[in-house]
Amino acid sequence: MKKKIAVLFGGQSTEHEVSRASATSVLKNIDQTKYDIYPIGITKDGLWFQYTGKLDNIESGEWEKDQFFKVPQGQKFLFNKEVDVVFPLLHGLFGEDGTIQGMCKLLNIPCVGPGVMSSAICMDKIYTKYLLENFNIKQADYVVINTHEYAENKDILVETIEKKLGYCVFIKPANGGSSVGITKAHNREELILGLEEALKYDRKVLVEQAINAREIEVAVLGNDYPEASMPGEVIPAKEFYDYEAKYKSEASKLLIPAALSEAKLQTIREEAVKIYTILDCAGMARVDFLVDKETEEVYLNEVNTIPGFTKISMYPKMWQATGKTYGKLIDELIELAIERNNK
Ligand SMILES: Nc1ncnc2c1ncn2[C@@H]1O[C@H](COP(=O)(O)OP(=O)(O)O)[C@@H](O)[C@H]1O
Ligand SMILES: [Mg+2]
């Protein structure tokens, strides 16, 4: 019998649009002879619909107006156990953060990607740091700021950041993605503006020393025996890899394999698997590094448990470069979800 796969897209995060593009790519590449597919769209307001219309309408967002092909209460396919596996292509909060994973766990439906705890930790850039620093994983120096502390002690906090990190720094909402709310500050004025911008998205903000780095990413796949892909490199079109450089600008370049020595590539692959294992990842994750342009020191940047799957995204491309087609990758992800079965 064909397995029934619910592909979730959209969602309530700042990465709603990216999610639609990821899901469209997966839906176009999944082998329909093997699976019955249930695309389920979640609006920005959190309403769930099964969507049976054109795939391109998912990417463009027009699916929401396509009344004829929209079945309300898309959750019912999960709650009534009408699907065998959930493939959440929801980036960011309410999808990549353990919430959907928790729902699947309660319903006892296998879900592609890491489980509740791992998803929640990897979503939070601050907790990822807290955890990994116990395992000697190199990361950029940082300072954590909370909303109420900032309101009460702004001047002292700004001085603390300057003393500990100097300039330049990156300012990031703790739970974010696709660079939304992230800025680079070259001076005090930009630091204050950046903190205020990031605090619009989260009550916790991470301020990080800027590394003069190349951006190297590794795709990891597996449960108990994870494998790392050939590392890739992104060369942003702008000063850093912001939202526009990621999705809008044609000038950002992707290079697979990254232009590093064999030995360095191997070290980075091993480091990626080590980090994946410490963070209790399962199924998949993309582990992103910053590699110092001069010293080639390797810093962990972040771990994405539902990496982009758009047609220009690194995760599927790095697997292709490692000999795994898009279709095969999807098959393996579904098998890994079933094998783990929420354990
Ligand atoms: N400490 C840092 N040093 C240099 N560049 C950084 C640093 N932190 C982030 N960046 C740049 O900002 C981009 C987005 O930051 P990242 O932490 O990956 O957030 P997101 O989860 O939104 O992708 C990175 O791809 C990189 O270009
Ligand atoms: Mg990133």
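All values reported here derive from a predicted model rather than from experimental measurement. (Residues numbered from 1 in each chain as written. Chains lettered and ligands numbered in written order. Predicted model: local features only at pLDDT ≥ 70, side-chain atom pairs only at ≥ 80, totals over all residues. Heavy atoms only, no water.)

Enquirer: Lay out empty space enclosed by the protein with the relevant residues and their values.
Expert: Left-over empty space is what a probe sized like a water molecule reveals as it rolls over the atoms. Under the counting rule described, the total for this entry stands at one cavity of 30 Å³ or more. Size it by volume and the largest cavity reaches roughly 70 Å³. Along its surface, the largest cavity is lined by Cys122, Lys125, Thr128, Lys129, Gln139, Lys172, Leu206, Glu208, Asn301, Glu302 and Val303. Secondary-structure elements contributing two or more residues to the lining of the largest cavity are helix 6 (125-132), strand 9 (204-209) and strand 15 (298-304). Of the residues belonging to the lining of the largest cavity, the class tally is three nonpolar, three polar and five charged. (1 Å grid on protein atoms, 1.4 Å probe; cavity = no way out; pocket = protein on both sides within 12 Å on 5 of 7 lines; lining within 4 Å. Points joined across faces, edges and corners; volume = space filled by probe spheres on them. Helix = DSSP H or I, 4+ residues; strand = E, 2+ residues; numbered from the N terminus. Nonpolar A, V, L, I, M, F, W, Y, C, P; charged D, E, K, R; others polar.)

Enquirer: Just give me the short version of the sheet that holds strand 9, but keep the residues and values in it.
Expert: Strand order in the open sheet formed by four strands is 6-9-7-8, with antiparallel pairing between adjacent strands. Bordering the open sheet on either side are strand 6 (142-146) and strand 8 (183-185), each of which pairs with just one other strand. Across this sheet, the average inter-strand angle for adjacent strands is 25°, counted without regard to direction. The pairing of strand 6 with strand 9 spans five bridges and is antiparallel. (Pairing = 2+ DSSP bridges. Axes fitted to C-alpha atoms, helices over the stretch in contact; angles between N-to-C directions.)

Enquirer: Summarise the UniProt feature "active site" (unreviewed entry) in the chain; cite the residues concerned and give the values.
Expert: Here the UniProt feature "active site" (unreviewed entry) sits at Glu15, Ser178 and Ser313. Across 299 residues of sequence, these annotated residues stay compact in space, with a maximum C-alpha separation of 14.1 Å. Here Glu15 is to be found in the loop between strand 1 (3-10) and helix 1 (16-29). The exposure class assigned to Glu15 is buried, which follows from its relative accessible area of 6%. With residues up to four places along the chain from it excluded, the contact list for Glu15 reads His91, Gly92, Gly176, Gly177 and Ser178. Among the polar contacts listed, one links the side chain of Glu15 to the backbone nitrogen of Gly92, at a separation of 3.4 Å. Relative to the assigned elements, Ser178 resides in the loop between strand 7 (169-173) and strand 8. Residues contacting Ser178, with those up to four places away along its chain left out, are Glu15, Val18, Tyr243, Lys246 and Tyr247. Of the polar contacts made by the side chain of Ser178, one reaches the side chain of Glu15; its length is 2.5 Å. (UniProt positions renumbered as here; feature names shortened; annotations may be inferred. Buried < 20%, exposed > 50% of the residue type's maximum accessible area, 1.4 Å probe, protein only. Contact = heavy atoms within 4.5 Å. Polar contact = N/O pair within 3.5 Å; in protein donor to acceptor, adjacent residues only side chain to side chain.)

Enquirer: Describe the domain arrangement of the chain, naming the residues involved and giving the relevant values.
Expert: Domain parsing of the chain yields domain 1 (3-111), domain 2 (123-138 + 212-340) and domain 3 (142-209). Relative to domain 2, the C-alpha centre of domain 1 lies at a distance of 24 Å. Of the residues lining the interface, 27 residues belong to domain 1; the matching set on domain 2 comes to 21 residues. Contact between domain 1 and domain 2 buries roughly 1900 Å² in total, counting both sides, with carbon and sulfur atoms accounting for 67%. (Domains from an automatic or database assignment. Buried area = accessible area lost by both parts, 1.4 Å probe.)

Enquirer: Break down the layout of surface pockets for me, citing the residues and quoting the values.
Expert: For the second largest pocket, the calculated volume is near 340 Å³. Every residue lining the second largest pocket is counted, 18 residues in all, and those nearest its centre are Asp280, Cys281, Ala282, Arg340 and Lys343. Put simply, the parts of the chain that give the lining of the second largest pocket at least two residues each are helix 4 (99-107), helix 5 (116-123), helix 10 (262-278) and helix 12 (326-340). Counting residues per element, the lining of the second largest pocket draws most heavily on helix 5, at three residues. Partitioned by chemical class, the residues of the lining of the second largest pocket number six nonpolar, six polar and six charged.

Enquirer: Give a detailed account of the nonpolar core, specifying residues and quantitative values.
Expert: Residues Ile5, Val7, Phe87, Met284, Phe309, Tyr315 and Leu333 are the most contacted members of the largest nonpolar core, which totals 36 residues. Every element with two or more residues in this core is listed here: strand 1, helix 1, strand 2 (35-42), strand 3 (48-51), strand 5 (85-88), strand 10 (213-222), helix 11 (314-321) and helix 12. Per-element accounting of this core gives the leading share, seven residues, to helix 12. Looking at which domains feed residues into this core, each of domain 1 (3-111) and domain 2 (123-138 + 212-340) supplies at least three. (Core = buried A, V, L, I, M, F, W, Y, C linked by side-chain atoms within 4.5 Å.)

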